[in-house]
Amino acid sequence: GAVVSQHPSWVICKSGTSVKIECRSLDFQATTMFWYRQFPKQSLMLMATSNEGSKATYEQGVEKDKFLINHASLTLSTLTVTSAHPEDSSFYICSARDWTGAITYSYSPLHFGIGTWVSVT
Amino acid sequence: QQPVQSPQAVILREGEDAVINCSSSKALYSVHWYRQKHGEAPVFLMILLKGGEQKGHDKISASFNEKKQQSSLYLTASQLSYSGTYFCGTQRGFNAGNMLTFGGGTRLMVKP
């Protein structure tokens with residue numbers, strides 16, 4: 001089955017520093033990847049849609065200068081939390097849809113990475 | 001617009017059944033169901049695309065009522081491994097770029 005690899009699985013950083021999270025599709029190409037954020041016991045909130053070779057599309061209220069997204073290849077998207085602050089501490093999850101063999105794109109499931117726990121001290 | 005899930009939480013004894021509902025105020029094109037264990041990423045369960053479609057595997061099945069803009073997930077003869085938080089994700093249009101919007105989640109605990 002389709003695998004999405006996310007690294008690191010957890011990171012502790014100091015306030016003011018940057019954190020970079022990588023998301024790779026291991027056995028399929030992903031022209032689009034999605035970055036979600038999840039607070040404890042809450043739902044998955046879409047932050048942005050990462051598009052290969054073009055600018056990411058950010059959801060309302062998400063600062064694009066703070067959450068930098070780069071999708072340089074068909075298998076890699078990165079999210080960088082710049083000048084991190086304690087309120088940025090959260091669980092960040094990337095995902096991608098593998099529609100290889102699917103009837104339509106809409107029948108393709110989202111495959112999630114393992115997630116990254118970010119703790120800003 | 002985030003779909004609404006109900007109930008928010010449910011506790012079952014092993015072998016009991018449960019139904020989780022997902023409703024949207026907007027027309028839906030498809031509904032996805034995922035289960036997330038504590039501290040882990042969500043795992044895909046199933047997708048429903050057509051109105052009235054029902055899908056299932058093992059003792060977990062789901063239905064999608066397009067007219068009512070809602071989907072239900074049925075867990076039959078629950079097992080301890082069913083414990084976790086269930087999310088429905090909705091897609092509003094047929095578009096390769098369309099993302100999923102997730103409901104608030106339903107926390108399910110199955111006790112021996």
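Enquirer: Quick question: what am I supposed to make of unusual backbone geometry here?
Expert: Among all residues save glycine, negative phi is the norm, and among peptide bonds the norm is trans. Here the residue pair A:His7 and A:Pro8 is connected by a cis peptide bond, since its omega of 0° sits within 30 degrees of zero. Relative to the elements of secondary structure, A:Pro8 occurs in the loop between β1 (4–7) and β2 (10–13). In this chain, B:Ser6 is followed by B:Pro7 through a cis amide linkage whose omega measures -5°. You will see that A:Ser83, though not glycine, has its phi angle at about 45°, which is positive. Given the relative accessible area of 34%, A:Ser83 is considered partly exposed. Positive phi, close to 55°, is recorded for B:Gln69, a residue that is not glycine.

Enquirer: Looking at this model, I keep getting lost on the sheet that holds strand β3 (residues 18–23) of chain B. Mind explaining?
Expert: Adjacent strands of a sheet form backbone hydrogen bonds with each other and so pair up, either parallel or antiparallel. Residues and elements named next belong to chain B. If you trace the five strands from one edge of the open sheet to the other, you get β1-β3-β8-β7-β6, paired in antiparallel fashion. Strands at the two margins of the open sheet, each flanked by one partner only, are β1 (4–6) and β6 (54–57). Across this sheet, the average inter-strand angle for adjacent strands is 15°, counted without regard to direction. Sheet topology note: the β6/strand β7 (residues 60–65) ladder contains four bridges and is antiparallel. If you follow His57 over to β7, its bridge partner there is Ile60.

Enquirer: What is the right way to look at the state of the cysteines in this model?
Expert: For the structure shown, the criterion picks out two disulfides over all chains. One disulfide in the model links A:Cys23 with A:Cys94; its S-S distance is 2.0 Å. Residues A:Cys23 and A:Cys94 share a disulfide whose torsion about the S-S bond is about 80°; that sign makes it right-handed. One end of the pair, A:Cys23, is in strand β3 (residues 19–25); the other, A:Cys94, is in strand β9 (residues 90–97), with 71 residues separating them in the sequence. The same class applies to A:Cys23 as to A:Cys94, namely buried. Through a disulfide, B:Cys22 is tied to B:Cys88; the S-S separation comes to 2.0 Å. Across the S-S bond of B:Cys22 and B:Cys88 the torsion is about 70°, and the bridge reads as right-handed. Here B:Cys22, found in strand β3, pairs with B:Cys88, found in strand β9 (residues 84–91); they are 66 residues apart in sequence, far enough to count as distant. The same class applies to B:Cys22 as to B:Cys88, namely buried. No disulfide involves A:Cys13; its sulfur sits 18 Å from that of A:Cys94, the nearest cysteine. Classification of A:Cys13 as buried rests on a relative accessible area of 8%.

Definitions and limits used
- Residues numbered from 1 in each chain as written.
- Chains lettered and ligands numbered in written order.
- Predicted model: local features only at pLDDT ≥ 70, side-chain atom pairs only at ≥ 80, totals over all residues.
- Heavy atoms only, no water.
- Helix = DSSP H or I, 4+ residues; strand = E, 2+ residues; numbered from the N terminus.
- Buried < 20%, exposed > 50% of the residue type's maximum accessible area, 1.4 Å probe, protein only.
- Pairing = 2+ DSSP bridges.
- Axes fitted to C-alpha atoms, helices over the stretch in contact; angles between N-to-C directions.
- Disulfide = S-S within 2.5 Å.

It is worth stressing that arrangement in space is one thing and function is another; only the former is reported here.
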